[in-house]
Amino acid sequence: MIWRAQDGLRARVGGPWTREKLDYVGRYAAAFMKAMHPKRRAGIWSELVYIDPLAGPGLGIARDRSAEFDGSPLRALNITPAFDRLFFSDLDARNIEALRQRIRPDQHRRVNLRVGDCNAVIRNFMSTLTHKTLGLAFVDPEGFEVKFGVFEALARRRMDVLLLFPSGIGIARNLRAFARQTHSPMDDLWGRTRVA
Ligand SMILES: C[S@@+](CC[C@H](N)C(=O)[O-])C[C@H]1O[C@@H](n2cnc3c(N)ncnc32)[C@H](O)[C@@H]1O
């Protein structure tokens, strides 16, 4: 669900679990940068990057409208020590436009924003990374939008990957239907089709 936030731009409506998820991602990203920044200074890594291929509009709103909170891209941008480059994409151009407007002018030079399907855009992001790049990717689908190829692309470089696995929202609700299909969205996520 999308509502309008106080800044006049679109924002995702989220429950307490959304904020809890984002808090974990933010804490992981901060620990990642704290641990890897000295290795970047030592030249072991030439750059440290963050990839968020399903980035959303940048802001969330509590269902009871009691609070607005930063989404994953804005949290990653505000981590210190800072990521060298951040890659954000979303299928919905309105989300990318809202996110673009929410990024501070002094942060834009570090950011690569793209409208598009994460399953295609990811290859473009990865093609710009050298072998001395270390990355953190946050893959945060609503259901089964992400196919296994995204992980194959991410694996071309040294990359920590945090995946929101759609166990409740996607699998529990759809498992019976998926089991009757010769090829289901779950097969696309796993990267292989069942043989029996
Ligand atoms: C769960 S939300 C991400 C929320 C975000 N992490 C945050 O903190 O606000 C998933 C986003 O993926 C986008 N999306 C859906 N299918 C996509 C696809 N195939 N490629 C890229 N983005 C997609 C949706 O428009 C939505 O904004």
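To keep things clear, this report deals only with the structure shown in the data block. Position numbers for residues start from 1 in each chain and track the written sequence from start to end. Owing to the predicted nature of the model, reporting of local features is limited to residues with pLDDT of at least 70; listing and counting of side-chain atom pairs is limited to 80 or more, with chain, interface and lining totals taken over all residues. Side-chain figures throughout are based on the complete set of non-hydrogen atoms in the structure, without hydrogens or water.

The next point concerns a nonpolar patch on the surface. Two joining distances apply to patches: 9 Å for like charges and 5 Å for nonpolar side chains (Val, Leu, Ile, Met, Phe, Trp, Tyr), and every residue must have over 30% relative accessible area and no salt bridge. Here the accessible surface of atoms and residues is derived via Shrake-Rupley with a 1.4 Å probe, and residues count as covered only by protein chains that are part of the display. Any Lys or Arg side-chain nitrogen located within 4 Å of an Asp or Glu carboxyl oxygen qualifies as a salt bridge. Side chains of Val161, Leu163, Phe165 and Trp190 sit close together on the surface and give an oily, nonpolar patch of about 340 Å² of accessible area. Relative to the helices and strands, phenylalanine 165 resides in the loop between strand E9 (158–163) and helix H6 (167–180). For each residue, the accessible area found with a 1.4 Å probe, counting protein chains only, is set against the maximum for its type, and the residue is called buried under 20%, exposed over 50%, and partly exposed in between. Exposure remark for phenylalanine 165: the relative accessible area of 34% places this residue in the partly exposed category. Only DSSP runs of H or I covering at least 4 residues are called helices, and only runs of E covering at least 2 are called strands; the numbering of each starts at the N terminus.

This part covers the site of the ligand. The cutoff for a nearby residue is simple: one of its non-hydrogen atoms must lie within 4 Å of the molecule or strand. The immediate surroundings of the ligand are formed by 18 residues, with Ser72, Asp90, Asp117, Cys118 and Asp140 found nearest. Polar contacts here mean pairs of N or O atoms no more than 3.5 Å apart (in protein, one a potential hydrogen donor and the other a potential acceptor; neighbouring residues in sequence count only if both atoms are side-chain atoms). Interatomic distance of 2.8 Å between a backbone N/O atom of serine 72 and an oxygen atom of the ligand. Note that an oxygen atom of the ligand is positioned 2.7 Å from one of the side-chain N or O atoms of aspartate 90. Taking 600 Å² as the accessible area of the ligand by itself, protein coverage stands at 91%. The classification used treats Ala, Val, Leu, Ile, Met, Phe, Trp, Tyr, Cys and Pro as nonpolar, Asp, Glu, Lys and Arg as charged, and all other residues, Gly among them, as polar. Of the residues contributing to the shell around the ligand, the split by class is seven nonpolar, five polar and six charged.

So, about the sheet that holds strand E4 (residues 59–62). Only strands joined by at least two bridges in the DSSP assignment are considered to pair. Taken in spatial order, the four strands of this open sheet run E1-E2-E4-E5, and their pairing is mixed. The open sheet terminates on both sides in strands that have one partner only, identified here as strand E1 (2–4) and strand E5 (68–70). Between one strand axis and the next, the sheet turns through 45° on average, direction left out of account. Contacts are assigned to residue pairs with any non-hydrogen atoms lying within 4.5 Å of each other. Inter-axis angles, ranging from 0 to 180 degrees, are taken between N-to-C directions of lines fitted to C-alpha atoms, where helices are fitted over the stretch in contact. Across the sheet, helix H1 (residues 16–41) lies against strand E2 (10–14) and E5, angled at about 25° from E5, the strand it touches most. Its contacts with the sheet place helix H3 (residues 93–102) against E1, E2 and E4, and it is angled at close to 105° to E2.

Turning to the environment of aspartate 187, a few remarks are in order. Tracing the sequence through the fold places aspartate 187 in helix H7 (residues 185–190). On the accessibility criterion, aspartate 187 (4% relative accessible area) is buried. Once the C-alpha coordinates of aspartate 187 and glycine 143 are considered, the two residues, 44 residues apart in sequence, prove to be 13 Å apart. At a separation of 2.7 Å, a polar atom in the side chain of aspartate 187 contacts the main-chain amide nitrogen of serine 184.

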